[in-house]
Amino acid sequence: MMGQNSLWQSFRIQQRVIGALLMREVLTRFGRHNIGFLWVFVEPMIFTIGVVTLWTVVDVGHGSSIPIVAFGITGYSSVLLWRNMPGHCIGAIEPNRTLMFHRHVKVIDVYMARLLLEAVGATISFMVLASVATVFNWMQPPQDILLVMGGWLMTAWFGISVSLLIAPLSEKSGVVHKLWGPFTYILFPLSGAGFLVDILPQSFQDFVLWLPMVHGIEMLRDGYFGASFHAHYSIAYMATFCALLTLLGLAQVRDISRKGVLD
């Protein structure tokens, strides 16, 4: 019983720590002026609207009957979810270095605060854009809301697992920081945001399905437009990949914490 109480107290403490770090990140990044906190989801909304508008103007084809607005919102919102997480976790320790002297503030807390902020922003952005598009009949309501939620959560897990690995590695070597940006630009056209796996040649299907984020987007689109196309994804494969990345990432976080990130 004593152990359970101690565990619960520790959980409550870390919950308050992450909450305080989250508020600090919001104020540091967006400030108190203009629309402040609203930038958390307005910023990704602007990016998504820009891409969808461009795709609509140039009449980008994607080989299916899915409306281009719906196709763009489901694809690019998912990309923002996993791509922005590592970018904001890289270099997160330096501006929070002085906070590490507090006994209850850990490296993992700093990362989790930033990851939560990115997840909340991308999720609200996606929900607002999808709701507006549905109201104006630019996209239909999801056919299977549980599949949509599952695809979104799996994509978020992928972003978290990548962040937990890339961020501590960047603390050990600045090369990781410099390479991650260009690497995301290479991954973007392969991520599934701009195509359906089913329309690709079989050899290329086999290649892109090695990338876990493709499974997340296919799963999300299956929940929205399942009757309109044949989705290709494996929840087991993506979960296994993310679990391994998470374990490797947590080991790296523990390593930089033990070696003295405050030195």
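Residues numbered from 1 in each chain as written. Predicted model: local features only at pLDDT ≥ 70, side-chain atom pairs only at ≥ 80, totals over all residues. Heavy atoms only, no water.

## Notes on the overall build of the protein chain
Helices and strands together make up the secondary structure of the protein chain, namely nine helices and zero strands. Order of helices (α) and strands (β) in the protein chain, N terminus to C terminus: α-α-α-α-α-α-α-α-α. For the protein chain, the residues scored as buried account for 45% of the 263 residues in total. Sequence separation of at least 24 residues holds for 76% of the intrachain contacts in the protein chain that already meet a minimum separation of 6. In the form shown here, the protein chain has an accessible surface area of approximately 13700 Å², with 68% of it arising from carbon and sulfur atoms. (Helix = DSSP H or I, 4+ residues; strand = E, 2+ residues; numbered from the N terminus. Buried < 20%, exposed > 50% of the residue type's maximum accessible area, 1.4 Å probe, protein only. Contact = heavy atoms within 4.5 Å. Areas by Shrake-Rupley, 256 points an atom, 1.4 Å probe, with all protein chains shown as cover.)

## Comments concerning the packing of aromatic side chains
The tally for this structure, following the rule as stated, stands at ten aromatic pairs. Between Phe136 and Trp138, the aromatic rings sit 5.1 Å apart at their centres with planes inclined by 20°, giving stacked as the arrangement. Between Tyr237 and Phe241 the ring centres are 6.1 Å apart and the planes differ by 50°, which places this aromatic pair in the tilted class. Here Phe241 and Tyr237 lie together in helix 9 (residues 235–258), a separation of four residues that amounts to about one turn. (Phe/Tyr/Trp six-rings, centres within 6.5 Å; stacked < 30°, edge-to-face > 60°.)

## A word on the pattern of salt bridges
Taken as a whole, this structure holds three salt bridges when the rule is applied. For Arg97, the salt bridge goes to Glu94, with nearest N and O atoms at 2.9 Å. (Salt bridge = Lys/Arg side-chain N within 4 Å of Asp/Glu carboxyl O.)

## Digging into helix 8 (residues 212–225)
The end-to-end C-alpha separation of helix 8 is 20 Å, in line with the 20 Å expected for 14 residues at 1.5 Å each. Summarising burial for helix 8: 14 of the 14 residues are buried, a large majority. (Expected span 1.5 Å × (residues − 1).)

## With respect to the packing of helix 8 against helix 9
Relative orientation of the contacting elements helix 8 and helix 9 amounts to 135°, with a least axis distance of 9 Å. With respect to each other, helix 8 and helix 9 are oriented oblique. As for the relative orientation of helix 8 and helix 9, their crossing is left-handed in sense. Of helix 9, the residues touching helix 8 (which contributes Pro212, Met213, His215, Gly216 and Met219) are Ile235, Tyr237, Met238 and Phe241. (Axes fitted to C-alpha atoms, helices over the stretch in contact; angles between N-to-C directions. Parallel < 35°, antiparallel > 145°, perpendicular 65-115°, else oblique. Left-handed = near helix turned anticlockwise from the far one by under 90°.)

## Quick look at the nonpolar core
The biggest cluster of nonpolar side chains holds 44 residues, and the ones touching the most others in it are Ile73, Tyr111, Phe126 and Tyr224. Secondary-structure elements contributing two or more residues to this core are helix 1 (2–30), helix 2 (39–58), helix 3 (68–89), helix 4 (107–135), helix 5 (145–172), helix 8 and helix 9. Counting residues per element, this core draws most heavily on helix 4, which supplies eleven residues. Look past the residues within four positions of Tyr111 in its chain and what remains in contact with it is Cys89, Ala92, Ile93, Leu164, Ala167, Pro168, Glu171, Val253 and Ile256. Core analysis: the next-biggest nonpolar cluster, separate from the first, contains 27 residues, Val51, Leu147, Val197 and Cys242 among them. (Core = buried A, V, L, I, M, F, W, Y, C linked by side-chain atoms within 4.5 Å.)

## Notes on the side chain of Ser125
Residue position: Ser125 is located in helix 4. Contacts of Ser125, omitting those with residues within four sequence positions, involve Phe41, Pro44 and Met45.

## Quick word on helix 5
Residues spaced three or four apart along an α-helix face the same direction, because each turn holds 3.6 residues. Compared with an ideal rise of 1.5 Å per residue, which puts 28 residues at 40 Å, helix 5 spans 41 Å between its outermost C-alpha atoms and is within 8% of the ideal. Its side-chain oxygen 3.1 Å from the backbone nitrogen of Leu146, Asp144 forms the N-cap of helix 5. (Polar contact = N/O pair within 3.5 Å; in protein donor to acceptor, adjacent residues only side chain to side chain.)

## Focus: the confidence of the model for the protein chain
Per-residue confidence for the protein chain gives a mean pLDDT of 85; residues scoring 70 or more make up 89%. Confidence, read as mean pLDDT per element, is least for helix 2 in the protein chain (73) and greatest for helix 5 (95). (pLDDT = per-residue confidence, 0-100.)

## Some points on a nonpolar patch on the surface
A surface patch of nonpolar side chains, amounting to about 490 Å² of accessible area, comprises Val128, Val132, Val135, Phe136 and Trp138. Inspection of the secondary structure puts Trp138 in the loop between helix 4 and helix 5. Residue Trp138 is classed as partly exposed on the basis of its relative accessible area of 45%. (Patch = residues over 30% accessible without salt bridge, like charges linked within 9 Å, V, L, I, M, F, W, Y side chains within 5 Å.)

## Here we look at the environment of Ala119
Mapped onto the elements of the fold, Ala119 is located in helix 4. For Ala119, a relative accessible area of 18% corresponds to the buried category. For the pair Ala119 and Leu81, spaced 38 residues apart in sequence, the C-alpha to C-alpha distance is 6.4 Å. With residues up to four places along the chain from it excluded, the contact list for Ala119 reads Leu81 and Met85.

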